[in-house]
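Chain by chain, the residues:
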Amino acid sequence: MVEFPDRGRLTGAQTYTRVPTVIVDNLHVVYKVHSGAAAAPSPVAALRRIITGSSRRATREVHAVRGVSFVAYEGDAIGLIGTNGSGKSTLLRAIAGLIPPKSGVVYTKRQPSLLSVNAVLLNDLPGEWNVLLGCLAMGMRKSEAQAKVKEIIEFSGINERGDFASLPMRTYSSGMAARLKFSIAAAKTHDVLLIDEALATGDAKFRQRSERRVQELREGAGTVFLVSHDSKAIRGACERTIWLESGVIHMDGPTDEVVDAYEAFVKDPKARARVQNELKEKAAEAEKAAEAQQQASPPRQGGRHAAR
């Protein structure tokens, strides 16, 4: 069960001083993956199944998020850190409603917008056309989108070394494409904006512009989640950070405190061993809590609810 901090409680005649935008309550995400060579849908894999007599591809379950609970508020910029495979991107996708939870629930204020380096733009179209289409897809009117094109291209910096805005996206480097994707998403004020590694590919100058834009989004009562392996980007953009490891929240607090502990975990084998033991205990507790919840109530799939 999510526990609201004191700053969000009602006491007597007091009112909420901060408005929740995302509530994640005991969230578990499990998905199946194909393992081994049989995972590839190729003629070779099909022939191997015929020869061996195997009719099914080998699969295994990955428990990517384990009993995660937290509350985010208007004006929050929250960093998400953790080693590769810790469940950060999976958590963002669950908040965005792209992955169904096995159990638990996610409540959001309106539909969150997920921005990742894998966000799809049309590679055969010029960058400026993609900007226009992206703005229209976010719900802008045509006149509003057209007026934003020049501003977005300037913010992205893709024209700093020539007129790349008129060239097809397939001619862009991964860094240029990521900067353009962030610039499109950041052109609109979002209630909840989820950024997955999109700032890691930018240079120092673009990172500074991005951090200023994240601050502007926060001041507009938006909530920003930022996943990044770049501790400087997290420290510069976020006041609060959640450290997710092995699908479990290990720390949730002020950014400097959490990032310092994470960096010590990465560098110091003794600290890493200690944290891993703690994570095993937390994961076991999350499993027991999930089992107890299933036994206490009828089985049901987790869910996500977005206020309109």
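Above: the structure in question.
Residues numbered from 1 in each chain as written. Predicted model: local features only at pLDDT ≥ 70, side-chain atom pairs only at ≥ 80, totals over all residues. Heavy atoms only, no water.

Details of the overall build of the protein chain
Applied cut-off: By definition, any uninterrupted DSSP run of H or I lasting at least four residues is a helix, any uninterrupted run of E lasting at least two residues is a strand, and each is numbered from the N terminus. The Shrake-Rupley method, run with a 1.4 Å probe, gives the accessible areas here. Residue values count only the displayed protein chains as cover.
Along its length, the protein chain carries nine helices and 10 strands. Carbon together with sulfur atoms contributes 51% to the accessible area of the protein chain, which is approximately 16,500 Å² in total.

Here's the deal with the packing of aromatic side chains
The line we're drawing: The rule is short: rings of Phe, Tyr and Trp, with Trp giving its six-membered ring, pair when the centres are within 6.5 Å, and they are stacked under 30 degrees, edge-to-face over 60, tilted in between. Here, a charge over a ring means that NZ of Lys or CZ of Arg falls within 6 Å of the ring centre while also lying within 35 degrees of the ring normal.
This structure, assessed with the given rule, holds eight aromatic pairs. By way of ring pairs, the aromatic residues Phe-155, Phe-182 and Phe-206 are connected into one cluster. Positioned above the aromatic ring of Phe-206, the side-chain terminus of Arg-179 is 6.0 Å from the ring centre.

Thoughts on unusual backbone geometry
Among all residues save glycine, negative phi is the norm, and among peptide bonds the norm is trans. The condition is simple: Any residue under 20% of the maximum accessible area for its type is buried, any over 50% is exposed, and the rest in between are partly exposed; the area is computed with a 1.4 Å probe on protein chains only.
Phi at Asn-26 is positive, roughly 50°, even though this residue is not glycine. Take Asn-26: it is sitting in strand β1 (residues 20–34). Judged by relative accessible area, which is 14%, Asn-26 ranks as buried. Phi at Arg-110 is positive, roughly 65°, even though this residue is not glycine. Structurally, Arg-110 is set in the loop between β4 (103–109) and β5 (113–116).

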